[in-house]
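Coordinate analysis (summary)
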Amino acid sequence: MKIMKFGGTSVGRPERMHQVKDLITRGDESKIVVLSALSGTTNSLVSIGEALASADKVLAKSRIDELHAHYKEFYPQLLKSDVAREKALEIIKEHFEFLNILLKISFNEAINRDILAQGELLSTKLFHTLLEELEIPAVFLSALDFMSIDENSEPELQKISDKLKAILAQHPDDTIFITQGFICKNHLNEVDNLKRGGSDYTASLVAAAIQATACEIWTDIDGMHNNDPRIVDKTRPIAEMSFDEAAELAYFGAKILHPASIWPAQQFNVPVKLLNTMQPEAHGTLIKAEVDSVGVKAIAAKDGITAIKIKSSRMLLAYGFLRKVFEIFEKYKTPIDMITTSEVAVSVTIDDLSHLEHILEELGTFCSVEVDRDQTIICIVGNMVSESKGAIQSVIDSLIEYPVRMVSFGGSRHNVSVLIDSKFKKEALQSLNQDLFTW
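Residues numbered from 1 in each chain as written. Predicted model: local features only at pLDDT ≥ 70, side-chain atom pairs only at ≥ 80, totals over all residues. Heavy atoms only, no water.

Under an unreviewed UniProt entry, the name given to the protein chain is Aspartokinase, and the source organism is Algoriphagus chordae. Looking at the Catalytic activity (unreviewed entry) heading of the UniProt record, one finds this comment for the protein chain: "L-aspartate + ATP = 4-phospho-L-aspartate + ADP". (UniProt positions renumbered as here; feature names shortened; annotations may be inferred.)

The following block contains the structure:
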């Protein structure tokens with residue numbers, strides 16, 4: 001059995017849903033199909049939640065009606081028969097009645113999570129209705145029956161596996177199962193979610209839970225590219241890469257794959273394939289445990305970075321100085337992306353500024369602090385890139401025209417990272433692309 005995950009753009013139009021139907025009915029292998037919400041729906045649901053949170057029920061009602069109108073236009077183009085259309089209309093009616101009821105009750109975070117779940121529930125129910133109309137046998141699975149997270153919002157993989165295998169065992173003769181990405185139940189048995197990009201995470205978790213033969217992530221791009229195609233000309237898809245390389249790229253800005261979605265598949269050695277719904281015959285990118293190629297494979301960039309330089313003349317002889325610094329970031333649950341040290345200073349980067357003021361205040365009690373905002377981490381990834389002869393020199397030479405704030409080299413065999421001012425990002429990516437890749 002394999003997993004096939006389709007993102008919002010892959011199901012965002014009626015004709016795209018029909019393309020997905022064609023893809024999941026190819027071949028004899030059993031599959032679990034994981035669907036995201038229709039493109040734009042999650043953003044609309046977020047805005048509805050924000051309007052309710054600010055007690056602006058007029059705005060919330062307006063946004064509910066706008067989204068409702070979109071679905072009332074969507075389903076007649078998706079379905080042909082009166083029976084199927086009537087069922088779809090009832091599905092849509094049920095979910096939007098729920099949203100409208102929320103206008104009459106007090107808003108809280110649990111309700112907000114319920115709001116966000118409506119997108120995936122709608123897309124999967126409408127898609128399952130399409131399969132029923134076409135007499136394609138398929139089982140509808142509610143992710144809320146098996147996908148769960150603990151009190152730390154971490155997936156309970158063993159529990160997921162036990163529940164999902166038990167459900168599948170009830171359908172020994174079925175080969176197509178439809179379920180939702182993103183949504184889950186939390187430790188209080190409330191509706192919750194796996195945060196943004198969570199449909200990729202769902203697919204990888206399901207793949208790990210049943211030890212699938214493959215986890216296919218279908219998007220509107222033909223695989224992971226060697227650079228950002230929105231910024232750089234002449235990019236190309238990468239045929240193969242390792243889990244470690246893919247994880248580095250996803251974390252440092254490659255938008256095609258959510259960072260969290262690598263480790264479940266990696267744990268159980270389930271190959272991940274990145275494929276294009278619009279070009280299904282394209283090779284895409286295969287992510288697996290080991291790859292033979294060595295050297296620079298791809299570049300990614302992560303914006304919204306703030307660099308903090310922590311300086312103390314006492315640092316050289318101060319036992320426990322770094323521990324003291326890191327405890328402050330730990331206290332405020334603020335992850336660090338990059339770190340460099342010298343005898344008298346430490347520089348770190350963060351992308352979560354929620355507690356920056358408190359962090360700076362506490363650091364200021366025992367050292368001087370400088371802050372640089374609007375920075376970008378550029379990550380150069382490849383198999384054993386840090387051990388490849390001349391790799392770091394090539395990177396530095398490519399960036400000779402741009403001030404480099406920090407360099408991280410040697411912490412990973414697969415990654416060289418540099419920090420630059422975001423205003424130089426586009427030119428730096430183009431320069432690296434020209435110098436590091438041969439055509």
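Here we look at the overall build of the protein chain
A count of helical and extended segments in the protein chain gives 13 helices and 16 strands. Against the compact-globule benchmark of 22 Å for 439 residues, the protein chain has a radius of gyration of 24 Å, which places it among compact chains. Taken across its 439 residues, the protein chain has 53% of its residues classed as buried. Contacts in the protein chain between residues at least 24 apart in sequence constitute 76% of all its contacts with a sequence separation of at least 6. For the protein chain, the exposed surface amounts to about 20,300 Å²; the carbon and sulfur share of it is 50%. When the 46 basic and 62 acidic side-chain charges of the protein chain are each reduced to a single mean position, those positions are 2 Å apart. (Helix = DSSP H or I, 4+ residues; strand = E, 2+ residues; numbered from the N terminus. Rg over C-alpha atoms; globule rule 2.2 N^0.38 Å. Buried < 20%, exposed > 50% of the residue type's maximum accessible area, 1.4 Å probe, protein only. Contact = heavy atoms within 4.5 Å. Areas by Shrake-Rupley, 256 points an atom, 1.4 Å probe, with all protein chains shown as cover. Lys, Arg positive; Asp, Glu negative; His and termini not counted. Charge placed at Lys NZ, Arg CZ, Asp CG, Glu CD.)

As for the pairing of strand β9 (residues 272–276)
Sheet faces and side chains relate simply in a regular strand, where the side chains alternate between the two faces. The element β9 is extensively covered by neighbouring structure, given that four of its five residues are classed as buried. Direction of pairing for strand β7 (residues 215–219) relative to β9: parallel, over a ladder of five bridges. Along β9, the bridge assignment pairs Glu-216 with Lys-273. With three bridges connecting them, β9 and strand β10 (residues 285–288) associate as antiparallel partners. Bridge pairing in β10 places Lys-273 opposite Leu-286. (Pairing = 2+ DSSP bridges.)

What about helix α7 (residues 198–210)?
For α7, which comprises 13 residues, the first-to-last C-alpha distance of 18 Å matches the rise-based estimate of 18 Å (1.5 Å per residue) to within 8%. Most of α7 is tucked away: 13 of the 13 residues are buried. Two residues or fewer past α7, Gln-211 is found with a positive phi of approximately 50°. (Expected span 1.5 Å × (residues − 1).)

Some details on the environment of His-187
Topologically, His-187 is positioned in the loop between β5 (183–185) and β6 (191–193). In this structure, the C-alpha to C-alpha distance between His-187 and Glu-132, residues 55 residues apart in sequence, is 34 Å. Setting aside residues up to four positions removed in sequence, His-187 forms contacts with Ile-149, Asp-150 and Glu-151.

A look at the pattern of salt bridges
In this structure the tally under the stated criterion is 20 salt bridges. A salt bridge links Asp-200 to Lys-5; its shortest N-O distance comes to 2.8 Å. Of the two residues, Asp-200 is situated in helix α7 and Lys-5 in strand β1 (residues 2–6); the sequence distance between them amounts to 195 residues. Look at Lys-5 and you get buried, because its relative accessible area is 7%. For Asp-303, the salt bridge is made with Lys-425, and the minimal N-O distance between the two is 2.7 Å. Of this pair, Asp-303 sits in strand β11 (residues 295–311) while Lys-425 sits in helix α13 (residues 425–436), and the two are 122 residues apart along the sequence. (Salt bridge = Lys/Arg side-chain N within 4 Å of Asp/Glu carboxyl O.)

A few points about the packing of helix α1 (residues 14–24) against helix α3 (residues 57–78)
How two helices sit against one another is set out by the angle between their axes and by the gap between those axes. As a packed pair, α1 and α3 sit with axes 8 Å apart at the nearest point and diverge in direction by 45°. Between α1 and α3, the angle is such that the two are oblique. In this structure, α1 meets α3 at a crossing whose hand is right-handed. Counting all contacts with α1, which are made through Pro-14, Met-17 and His-18, the residues of α3 involved are Phe-74, Gln-77 and Leu-78. A breakdown of the residues in the contact of α1 with α3 according to their chemical character gives four nonpolar, two polar and no charged. (Axes fitted to C-alpha atoms, helices over the stretch in contact; angles between N-to-C directions. Parallel < 35°, antiparallel > 145°, perpendicular 65-115°, else oblique. Left-handed = near helix turned anticlockwise from the far one by under 90°. Nonpolar A, V, L, I, M, F, W, Y, C, P; charged D, E, K, R; others polar.)

Quick notes on empty space enclosed by the protein
Tallied over the full model, the rule gives one cavity of 30 Å³ or more. By volume, the largest cavity amounts to about 30 Å³. Considering the residues around the largest cavity, the lining is formed by Thr-41, Leu-45, Leu-67, His-95, Phe-96, Leu-99, Gln-118, Gly-119 and Leu-122. Contributing elements (two or more residues each) for the lining of the largest cavity: α2 (41–53), α4 (82–101) and α5 (109–133). Here the residues of the lining of the largest cavity sort into five nonpolar, four polar and no charged. (1 Å grid on protein atoms, 1.4 Å probe; cavity = no way out; pocket = protein on both sides within 12 Å on 5 of 7 lines; lining within 4 Å. Points joined across faces, edges and corners; volume = space filled by probe spheres on them.)

Let's talk about the nonpolar core
Among the nonpolar cores identified, the biggest contains 105 residues, and Ile-3, Phe-6, Ile-24, Ile-32, Phe-127, Phe-146 and Ile-178 are the most heavily contacted of them. For this core, the leading source of residues is α5, giving ten residues. For this core, the domains that each give at least three residues are domain 1 (2–219) and domain 2 (297–436). With sequence-adjacent residues up to four places away left out, Ile-32 is seen in contact with Met-1, Lys-2, Ile-3, Met-4, Leu-164, Leu-168, Phe-177, Thr-179, Val-206 and Ile-210. With 17 residues, the next largest nonpolar core counts Ala-301, Val-418, Ile-420 and Leu-429 among its residues. (Core = buried A, V, L, I, M, F, W, Y, C linked by side-chain atoms within 4.5 Å. Domains from an automatic or database assignment.)

Section: the sheet that holds strand β4 (residues 176–180)
Taking strand neighbours across the sheet as the criterion, the eight strands line up as β3-β4-β2-β1-β7-β9-β10-β8 in an open arrangement whose pairing is mixed. Two strands bound the open sheet, and with one partner strand each, they are β3 (139–140) and β8 (240–242). Alignment of β1 against β7, held across four bridges, turns out to be parallel. Within the sheet, the bridge partner assigned to Lys-5 lies in β7 and is Ile-217.

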